Amino acid sequence: MPNLPVASALWVPQPTFEIGAGAWILAGGTHHSAFSYDITEEYWEDFAEILGIEYVRINKNTNTFDFKQTLRNNEVYFMLNKSLK
């Protein structure tokens, strides 16, 4: 693999593979992802706020029920925010 011309990253899904992968898929999968070993969560959150885009965090405290509710809340927020502009 090291000689293939593709990007790769290695991380351990948190809190478990099932919850981490499920949350990632619920959030939109690959075209909505950001991953870095060098940039903090706070940086990504600030960056998303500056751009006016959604930010959700998948970490060791993620659970599917709360994550789905966060996505629902964000959908309402961005819909209302868009209509106010």
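Everything numeric here is computed off the predicted structure, so don't read it as measured data. (Residues numbered from 1 in each chain as written. Predicted model: local features only at pLDDT ≥ 70, side-chain atom pairs only at ≥ 80, totals over all residues. Heavy atoms only, no water.)

With reference to specific residues and values, describe the overall build of the protein chain.
In terms of helices and strands, the protein chain carries three helices and zero strands. Secondary structure elements of the protein chain, listed N to C terminal, follow the sequence α-α-α. For the protein chain, buried positions account for 11% of its 85 residues. With the model as given, the accessible surface of the protein chain reaches about 7,300 Å², and the carbon-plus-sulfur share is 60%. (Helix = DSSP H or I, 4+ residues; strand = E, 2+ residues; numbered from the N terminus. Buried < 20%, exposed > 50% of the residue type's maximum accessible area, 1.4 Å probe, protein only. Areas by Shrake-Rupley, 256 points an atom, 1.4 Å probe, with all protein chains shown as cover.)

Run through the pattern of salt bridges, naming residues and quoting values.
For the coordinates displayed, the defined rule picks out two salt bridges. Note that Glu41 is salt-bridged to Arg57, the shortest N-O span being 2.9 Å. With Glu41 in helix H2 (residues 41-51) and Arg57 in the loop between H2 and helix H3 (64-84), the pair connects residues that are 16 residues apart, well separated along the chain. On the accessibility criterion, Glu41 (34% relative accessible area) is partly exposed. Put simply, Glu45 and Arg57 hold a salt bridge, and the shortest N to O gap is 3.3 Å. With a gap of twelve residues between them, Glu45 in helix H2 and Arg57 in the loop between H2 and H3 connect regions that are remote in the sequence. Three or more residues joined by partner-sharing salt bridges are found here, namely Glu41, Glu45 and Arg57. (Salt bridge = Lys/Arg side-chain N within 4 Å of Asp/Glu carboxyl O.)

Requested: an account of H3, with residues and values cited.
Relative to the 30 Å expected for 21 residues at 1.5 Å per residue, H3 spans 30 Å between its end C-alpha atoms, a close match to the ideal helical length. What H3 keeps buried is the set Phe67, Leu71 and Asn74. Along the axis of H3, the buried residues cluster in a sector spanning 65°; they form a single face. For H3, exposure combined with an orientation more than 90 degrees from the buried face picks out Phe65, Met79, Leu80, Ser83 and Leu84. (Expected span 1.5 Å × (residues − 1). Arc of directions from axis to C-beta.)

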